[in-house]
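Take a look at the letters that make up each chain.
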Amino acid sequence: QVQLVESGGGLVQAGGSLRLSCALSGRTFTNFPMGWFRQAPGKEREFVAAVTWSGTLYYVDSVKGRFTISRDNAKNTMYLQMNSLKPEDTAVYYCAARDYSGNIGAVSSYNYWGQGTQVTVSS
């Protein structure tokens, strides 16, 4: 049974930093990317960042230069380092994985999801 478990969320002041982790168990997603998405209240879930098995990185424009995604394949763990946080980054953050090809930034392209971790940035 595949499980993705996020950790590291919390409350931080604007300008602060948080590091999210996503531990994957049940299988190894060789050759497929993993990603981070977020969902703010009243809004649709949106793509934040993704990393392929080989280390190619993708980011939504609003987080470029502030967030860094990484992946430790040996540990089956993915990370999201978030710096210079803004109140508009407040959301539930989800990690996601998939075992088929598709648009790397599309919610529908991922078939495994974590339960989410809350990130709140105060102004």
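Structure's up top.
In this text the structure is predicted, and so the values were computed from the model without any measurement. (Residues numbered from 1 in each chain as written. Predicted model: local features only at pLDDT ≥ 70, side-chain atom pairs only at ≥ 80, totals over all residues. Heavy atoms only, no water.)

Asker: Whenever I open this one, the overall build of the protein confuses me. Can you help?
Answerer: When you go through the protein residue by residue, the secondary structure sums to 0 helices and 11 strands. The linear arrangement of helices and strands in the protein, starting from the amino end, is β-β-β-β-β-β-β-β-β-β-β. Computed over its C-alpha atoms, the radius of gyration of the protein comes to 13 Å, within 12% of the 14 Å expected for a compact globule of 123 residues. Counting only C-alpha atoms, the protein reaches 40 × 25 × 25 Å along its principal axes. Within the protein, the proportion of its 123 residues that are buried is 43%. Pairs at least 24 apart in sequence give 56% of the contacts found in the protein among residues at least 6 apart. Summed over its atoms, the accessible surface of the protein is roughly 6100 Å², and 47% of this surface lies on carbon and sulfur atoms. Each charge class in the protein was averaged separately, 11 positive and 8 negative side chains, and the resulting centres sit 4 Å apart. (Helix = DSSP H or I, 4+ residues; strand = E, 2+ residues; numbered from the N terminus. Rg over C-alpha atoms; globule rule 2.2 N^0.38 Å. Buried < 20%, exposed > 50% of the residue type's maximum accessible area, 1.4 Å probe, protein only. Contact = heavy atoms within 4.5 Å. Areas by Shrake-Rupley, 256 points an atom, 1.4 Å probe, with all protein chains shown as cover. Lys, Arg positive; Asp, Glu negative; His and termini not counted. Charge placed at Lys NZ, Arg CZ, Asp CG, Glu CD.)

Asker: Please clarify how the environment of Pro41 should be interpreted in this entry.
Answerer: You can see Pro41 is positioned in the loop between β4 (34–39) and β5 (46–51). Taking relative accessible area as the criterion, Pro41 reaches 75% and is therefore assigned exposed. When the C-alpha atoms of Pro41 and Ala91 are compared, they prove to be 7.1 Å apart, with 50 residues separating the residues in sequence.

Asker: Looking at this structure, I do not really get the pairing of β4. What am I missing?
Answerer: Side-chain positions along a regular strand alternate between the two faces of the sheet. Burial analysis of β4 places 5 of its 6 residues in the buried class, which makes it a mostly covered element. Sheet topology places β4 next to β5; 5 bridges connect them, and they run antiparallel. Bridge pairing links Phe37 to Phe47 in β5. Here β4 runs beside strand β9 (residues 91–97); their pairing, made up of 6 bridges, is antiparallel. Along β9, the bridge assignment pairs Met34 with Ala97. (Pairing = 2+ DSSP bridges.)

Asker: How should the environment of Ser101 be read in this particular structure?
Answerer: In this structure, Ser101 sits in the loop between β9 and β10 (112–113). The spatial distance from the C-alpha of Ser101 to the C-alpha of Val121 is 34 Å, given a sequence separation of 20 residues.

Asker: Would you take a moment to explain the pairing of strand β8 (residues 77–82) for this structure?
Answerer: Most of β8 is tucked away: 5 of the 6 residues are buried. In this antiparallel pair of consecutive strands, strand β7 (residues 67–72) and β8, the connection spans 4 residues, and Asn76 shows a positive phi of 55°.

Asker: I'm lost on the sheet that holds β8 in this one. Help?
Answerer: Taken together, the 4 strands give an open sheet; going across it, the order is β1-β3-β8-β7, and neighbouring strands pair in antiparallel fashion. In this open sheet, the two strands that pair with only one neighbour each are β1 (3–7) and β7. The average undirected angle you get between the axes of adjacent strands in this sheet is 15°. When strand β3 (residues 18–25) meets β8, the two strands line up antiparallel, connected through 6 bridges. In the sheet register, Ala23 faces β8, and the bridge partner there is Thr77. (Axes fitted to C-alpha atoms, helices over the stretch in contact; angles between N-to-C directions.)

Asker: Hey, could you run me through the packing of aromatic side chains in this one?
Answerer: Each aromatic ring pair is characterised by the separation of its centres together with the angle its planes make. In the structure shown here, the tally under the stated rule is 5 aromatic pairs. Ring-pair connections join several aromatic residues into one group, and the members of that group are Phe37, Phe47, Tyr94, Tyr110 and Trp113. Here Arg45 stacks its cationic end above the ring of Trp113, 4.8 Å away from the centre of that ring. The aromatic ring of Tyr110 is capped on one face by Arg98, whose charged end is 5.1 Å from the ring centroid. (Phe/Tyr/Trp six-rings, centres within 6.5 Å; stacked < 30°, edge-to-face > 60°. Lys NZ or Arg CZ within 6 Å of the ring centre and 35° of its normal.)

Note that every value here comes from positions in space, so none of it alone points to a role or purpose.
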